Amino acid sequence: MSSDPAAAAPDSYDAYAAATDDPRFTDWLRERSEPAWTEATTHRFTRGLGAGTLDDAVVRRYLTQDYAFVDTLVGAFGHAVGEAPSMAAKRRLIEFLDVVTDDENDYFERAFEALDVPEPDRTDPDLTATTEAMVDLIEAATNRGGYAETLAVLVPAEWVYLTWATAEADDRPDAFYLAEWIDLHANPGFIAFVGWLREQLDAVGPTLPADQQARVARHFERTVRLEADFFEAAYDT
């Protein structure tokens, strides 16, 4: 397979697997999502976050929208718990939910205080079109599909964050609300969880009929596109 991000992956996973050494279903999905994948994981927002050069107004807009999305994300992971094929898988998903609802929620509360975010913007902000689109996509994938389609939106959402945060982890910015946001997405626990989440989709993806594989691919690609758009929306005033 070509390493050129602009080179399109085959339309079918079978074709991809036939032409690839050690194929992974999630690698096929990632390659199909280009160029949005590269845009999302190397966005000017993530680079500015890592460099500590983001204007606080941009950070405020981003964090209020991201926090508004947390309930939807938690609901999607909760749905995945119910669909997971084993008790071990359910337990792993529940453990991640504990992190989101505890450590990550604590981060948001402290960041909002430091950034002087008004209470209405913390609890009931006006959603951007991109945030609304992400909510709609997550809800559609989880409510109308099975485990694979739920994973098709959760895997890219978490994998994109792991990728950009790992790239920015070496030089931590001074502001805690930037540094800790990187830390939350570039630590051994999160790295292991995203790897496990990919393995879940790698296991079920190749077993799906072709039409469902295509639907999973569309969900994955749409999620990546919206992640890039979400970063860009933080600059809109």
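Please refer to the structure higher up on the page.
Summarised in this report is the structure supplied together with it. (Residues numbered from 1 in each chain as written. Predicted model: local features only at pLDDT ≥ 70, side-chain atom pairs only at ≥ 80, totals over all residues. Heavy atoms only, no water.)

**Here's the deal with unusual backbone geometry**
Line of reasoning, step 1. Following E34, the chain continues to P35 via a peptide bond in cis, the omega torsion being 5°.
Line of reasoning, step 2. Mapped onto the elements of the fold, P35 is located in the loop between α2 (25-32) and α3 (36-41).
Line of reasoning, step 3. A positive phi angle, near 50°, is found at D22, a position not held by glycine.
Line of reasoning, step 4. Along the chain, D22 turns up in the loop between α1 (13-18) and α2.
Line of reasoning, step 5. The backbone of D116 sits at a positive phi, close to 55°, despite the residue not being glycine.
Line of reasoning, step 6. By relative accessible area, D116 is classed as exposed at 62%. (Helix = DSSP H or I, 4+ residues; strand = E, 2+ residues; numbered from the N terminus. Buried < 20%, exposed > 50% of the residue type's maximum accessible area, 1.4 Å probe, protein only.)

**Some remarks on the nonpolar core**
Line of reasoning, step 1. Ranked by size, the top nonpolar core spans 74 residues in total, and within it Y62, L63, F77, L93, W164 and L197 carry the most contacts.
Line of reasoning, step 2. Broken down by element, this core gets its largest block of residues, 13 residues, from helix α9 (residues 147-168).
Line of reasoning, step 3. With sequence-adjacent residues up to four places away left out, L63 is seen in contact with Y107, F108, A111, F112 and L115. (Core = buried A, V, L, I, M, F, W, Y, C linked by side-chain atoms within 4.5 Å. Contact = heavy atoms within 4.5 Å.)

**Some words on the pattern of salt bridges**
Pairs can form between side chains of opposite charge whenever their charged atoms are close.
Line of reasoning, step 1. Summed over the entire model, instances satisfying the criterion amount to 13 salt bridges.
Line of reasoning, step 2. The closest approach of N and O atoms between R198 and D27, which form a salt bridge, is 2.9 Å. Placement of the pair is R198 in helix α11 (residues 188-204) and D27 in helix α2, with a sequence separation of 171 residues.
Line of reasoning, step 3. Here D27 falls in the buried class, since its relative accessible area comes to 18%.
Line of reasoning, step 4. In this structure, E113 engages R122 in a salt bridge whose closest nitrogen and oxygen atoms are separated by 2.9 Å.
Line of reasoning, step 5. When salt bridges that share partners are traced, they join D11, R32 and E221 into one network. (Salt bridge = Lys/Arg side-chain N within 4 Å of Asp/Glu carboxyl O.)

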